[in-house]
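Take a look at the letters that make up each chain.
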Amino acid sequence: VPLIELMTANPKAAAVGSQLFEPDGTPTGSAFRFPSIGREFLRGVRTPFVGRLLGIQPTPISSDTACRADWVTGAAVLLRNRALRETGPFDDGFFLYFEEVDLMNRLAAAGWEVWHQPTSHVMHIGGAATGVTGKRTQSPRRQPAYWFVSRRRYFALNLGPLRTWLAGAAWISGHALWRVRTWLRLGDARSDIPCERRDLLDHGLSPSPVDLSRNVP
């Protein structure tokens with residue numbers, strides 16, 4: 001009901017997402033800003049102070065009241081039919097992951113709005129179907145190759161081949177700084193996702209011709 005009420009009150013709202021919670025009741029990321037080269041650097045360096053120093057807004061958006069967002073998680077989202085008829089539904093070129101980010105980027109480009117409604121609560125067991133992420137108490141798991149392929153496709157379609165490569169280079173640079181921090185005992189290396197740098201190099205840097213061709217039914 002809160003999602004419907006918010007969408008009804010905002011005729012330009014094409015998507016309204018819920019606030020997700022872990023099974024233990026802890027709030028988890030539900031509303032976000034679009035990926036960018038700068039945010040890829042921040043994702044790699046994993047040091048909030050650096051983002052504040054560079055004036056780069058973080059990817060997650062946290063709010064206790066309904067607010068605009070660039071995109072909301074596809075795990076619990078209400079979509080407006082008229083908006084989908086205008087922009088098309090999910091791009092079939094994404095196997096899994098980043099498909100909702102791409103869709104909401106297209107909605108924004110067409111003048112539609114995306115909203116986050118924190119009064120709508122949904123319990124979400126992250127990665128239960130894919131194993132990409134486990135419980136918060138577990139060590140990070142290696143991302144499957146298709147996560148990096150989907151990330152690469154998103155950047156290629158929405159930012160172009162050059163900025164796809166630059167986004168990867170930004171993450172690698174940030175991650176290198178993070179590794180320096182762990183060597184200085186200023187960060188916990190156990191929180192690193194296994195093989196992420198290698199997998200990004202193997203699957204995430206250079207777009208293929210398929211990545212540059214949109215596949216919207």
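Look up: the structure comes first, before these words.
Here the structure is a predicted model, which means the values were calculated and not measured. (Residues numbered from 1 in each chain as written. Predicted model: local features only at pLDDT ≥ 70, side-chain atom pairs only at ≥ 80, totals over all residues. Heavy atoms only, no water.)

Q: So what exactly am I meant to see when it comes to the sheet that holds strand β6 (residues 71-72) here?
A: Strand pairing in a sheet takes place through backbone hydrogen bonds and is either antiparallel or parallel in direction. With respect to topology, 3 strands assemble into an open sheet ordered β4-β3-β6, the strand pairing being antiparallel. On the outer flanks of this sheet lie β4 (60-61) and β6, each paired with one strand and no other. Where strand β3 (residues 31-32) meets β4, 2 bridges bridge the pair, whose relative direction is antiparallel. For Phe32, the partnering residue across the bridge sits in β4 and is Pro60. (Pairing = 2+ DSSP bridges. Helix = DSSP H or I, 4+ residues; strand = E, 2+ residues; numbered from the N terminus.)

Q: How should the pattern of salt bridges be read in this particular structure?
A: Any two side chains of opposite charge can pair if their charged atoms end up close together. Using the criterion set out here, one finds 12 salt bridges in the structure. Between Arg151 and Glu40 there is a salt bridge; the shortest N-O distance is 2.9 Å. Of the two residues, Arg151 sits in helix α6 (residues 145-159) while Glu40 sits in helix α2 (residues 37-45), which places them 111 residues apart along the sequence. The same class applies to Arg151 and to Glu40, which are both buried. What emerges from the salt-bridge pattern is a single network uniting Asp91, Asp102, Arg106, Arg153 and Arg214. (Salt bridge = Lys/Arg side-chain N within 4 Å of Asp/Glu carboxyl O. Buried < 20%, exposed > 50% of the residue type's maximum accessible area, 1.4 Å probe, protein only.)

Q: I tried to follow unusual backbone geometry on my own but got confused; where do I start?
A: Excluding glycine, residues mostly have negative phi values, and the peptide bonds linking residues are mostly trans. Look at Phe98: it is not a glycine, yet its phi comes out positive at around 75°. By the element assignment, Phe98 lies in the loop between α4 (81-87) and α5 (99-109). Relative accessible area serves as the criterion here: at 14%, Phe98 is assigned to the buried category. Look at Cys195: it is not a glycine, yet its phi comes out positive at around 60°. Tracing the chain through its elements places Cys195 in the loop between α7 (161-183) and α8 (196-203). Owing to a relative accessible area of 29%, Cys195 belongs among the partly exposed residues under this scheme.

Q: Would you mind going over α2 with me for this structure?
A: Structurally, the α-helix is built with 3.6 residues per turn, so residues lying three or four positions apart point the same way. Burial in α2 covers these residues: Arg39, Glu40, Phe41, Leu42, Gly44 and Val45. At its buried positions, α2 is contacted by α3 (48-54), α6 and α7. Looking one or two residues past α2, Arg46 carries a phi angle of roughly 55°, positive in sign. (Contact = heavy atoms within 4.5 Å.)

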